[in-house]
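For reference, the chains in residue letters:
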Amino acid sequence: MSAAQGVSAGGGWGAYVAARDAAVRELRGRVLEIGAGYGANFAQLRADVQWWGLEPSPRRRGALEAAARRHGHDTPPLAAPAEDIPIADASVDAVLGTTVLCSVRDQARVLDEVARVLVPGGRVVLADHVAARPGTGSYRLQRMVRPWSRLLDHGCDPLRDTERAVGASPLLVDSVERFEIPVIARLRVPFVVIRAYSR
Ligand SMILES: C[S@@+](CC[C@H](N)C(=O)[O-])C[C@H]1O[C@@H](n2cnc3c(N)ncnc32)[C@H](O)[C@@H]1O
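Note that the structure is a prediction, hence the values are computed from the model and not measured.

(A) How the structure looks around the nonpolar core. Judged by nonpolar contacts, the single largest core of 30 residues is most densely connected at Leu32, Ile34, Leu54, Val95, Val114, Val166 and Leu171. When residues of this core are traced back to their parent elements, those giving at least two are β2 (30–34), β4 (92–98), α3 (107–117), β5 (118–129), α5 (162–167), β6 (172–182) and β7 (188–197). Here the element with the most residues in this core is α3; it accounts for 5 residues. Those residues in contact with Ile34, other than ones at most four positions away along the chain, are Leu54, Ala82, Ile85, Val95, Leu96, Gly97, Val100, Leu101, Val110 and Val114. Ala23, Ala94, Val125 and Ala127 belong to the second largest nonpolar core, which has 23 residues in total.

Written as structure tokens, this is what we have:
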């Protein structure tokens, strides 16, 4: 994370959602959304972006395509995993991924692909839950639920260190905002909103 220019911390679900949505609203031009799910970010994306979605789940992709059309985006979502983005080098201005890096098979490969498809200086917004500090009760809870979430929640891995993965990727980290979301008693799940850009 040596390239980070700003790191800030906040608290609570509301603060996380507000920070994530603010970062989504900053994106301009041709925006590729990876793991777009059912299209939860359409309400936040600027109306003038040229949206391109990628969603490997056939069931979600159908609903996503319908939601995209309702928001004026006619390009059908790409049926592919973010490890193999089927578009040309340097073809988008921004990449967005919310609660996706927790689920992908190979974070490093996805981040290489994100860097490849971005124009130089292209923007990246990633928002996700990440691993708590090892040794804490929150980390132990995440380790306990991990086999179940991997199995039942689309491969979701609660122990990902996404901030470190982005720092180790070809992308340059611009800022990281961290949030601690209470779950049970004093246990907290950390969430991050990461802004980065391509070289
Ligand atoms: C927790 S959902 C988040 C959906 C949406 N981004 C949101 O914020 O509501 C995770 C999404 O990532 C997708 N996904 C899982 N593995 C993926 C991969 N390797 N590449 C791209 N998307 C993937 C899932 O199909 C699912 O739609």
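(B) Layout of the side chain of Arg20. Considering the arrangement of structural elements, one finds Arg20 in helix α1 (residues 13–25). Given a relative accessible area of 18%, Arg20 falls into the buried group. Non-local contacts of Arg20, meaning those with residues more than four positions away in its chain, are made with Thr98, Ala127 and Val193.

(C) Layout of the layout of surface pockets. There is about 820 Å³ of room inside the largest pocket. Surrounding the largest pocket, 32 residues form its lining, Gly35, Arg60, Thr99, Val100 and Ser103 being those nearest its centre. In terms of residue count, α1 provides more of the lining of the largest pocket than any other element does, 3 residues in total. Looking at side-chain class alone, the lining of the largest pocket contains 14 nonpolar, 10 polar and 8 charged residues. Estimated volume of the second largest pocket: approximately 370 Å³. Taken together, 18 residues form the lining of the second largest pocket, with Val130, Ala131, Ala132, Arg133 and Pro190 sitting closest to its centre. When residues of the lining of the second largest pocket are traced back to their parent elements, those giving at least two are α4 (137–152), β6 and β7. For the lining of the second largest pocket, the leading source of residues is β7, giving 4 residues.

(D) Local environment of the site of the ligand. Near the ligand lie 17 residues; those nearest to it are Gly35, Glu55, Ala82, Glu83 and Thr98. Taking Thr99, its side chain carries an N or O atom lying 3.4 Å from an oxygen atom of the ligand. For the ligand, whose unbound accessible area comes to 590 Å², protein coverage reaches 83%. If you map the ligand onto the pockets, it falls in the largest pocket.

(E) Layout of the pattern of salt bridges. Enumeration according to the criterion identifies 15 salt bridges in this entry. In this structure, Arg195 engages Glu26 in a salt bridge whose closest nitrogen and oxygen atoms are separated by 2.8 Å. In this pair, Arg195 sits in strand β7 while Glu26 sits in the loop between α1 and β2, placing the two residues 169 residues apart along the sequence. A salt bridge links Arg69 to Glu65, with the nearest nitrogen and oxygen atoms 3.1 Å apart. In this pair, Arg69 and Glu65 both sit in helix α2 (residues 58–70), 4 residues apart, roughly one turn of the helix.

Cut-offs used in this document
Along each chain, numbering runs from 1 in the same order as the chain's sequence is written. Whole-chain, interface and lining totals are the exception, using all residues; otherwise, since this is a predicted model, local features are given only for residues with pLDDT of at least 70 and side-chain atom pairs are given and counted only at 80 or more. To obtain the side-chain values, all non-hydrogen atoms of the structure were included, while hydrogens and water were left out. Within this scheme, the nonpolar core is defined by two criteria: the residues are buried Ala, Val, Leu, Ile, Met, Phe, Trp, Tyr or Cys, and they are joined through side-chain atoms within 4.5 Å. Burial classes follow relative accessibility: with a 1.4 Å probe on protein chains only, a residue under 20% of its type's maximum area counts as buried, one over 50% as exposed, and anything between as partly exposed. Secondary structure elements follow DSSP: runs of H or I of four or more residues count as helices, runs of E of two or more count as strands, with numbering from the N terminus. We call two residues in contact whenever any of their non-hydrogen atoms come within 4.5 Å of each other. Lining residues are defined by having an atom within 4 Å of a point belonging to a cavity or pocket. Those points lie on a 1 Å grid over the protein atoms alone, cavities being sets where a 1.4 Å probe fits but cannot get out and pockets being open sets with protein on both sides within 12 Å along at least five of seven lines. Grid points are joined across faces, edges and corners, and a volume is the space filled by probe spheres set on the points. Lys, Arg, Asp and Glu make up the charged group, whereas Ala, Val, Leu, Ile, Met, Phe, Trp, Tyr, Cys and Pro make up the nonpolar group; the residues left over, Gly among them, are polar. For this purpose, a residue is taken to be near a molecule or strand whenever a single non-hydrogen atom of the residue falls within 4 Å of it. We define a polar contact as two N or O atoms separated by no more than 3.5 Å, with the added condition that, inside protein, one atom must be a possible hydrogen donor and the other a possible acceptor, whereas residues neighbouring each other in sequence contribute only through side-chain atom pairs. Areas reported here follow the Shrake-Rupley algorithm with a probe of radius 1.4 Å; residue values treat only the protein chains shown as occluding. For a molecule to be placed in a cavity or pocket, more than half of its atoms must lie within 2 Å of the grid points of that cavity or pocket. By convention in these notes, a salt bridge is any Lys or Arg side-chain nitrogen within 4 Å of a carboxyl oxygen on Asp or Glu.

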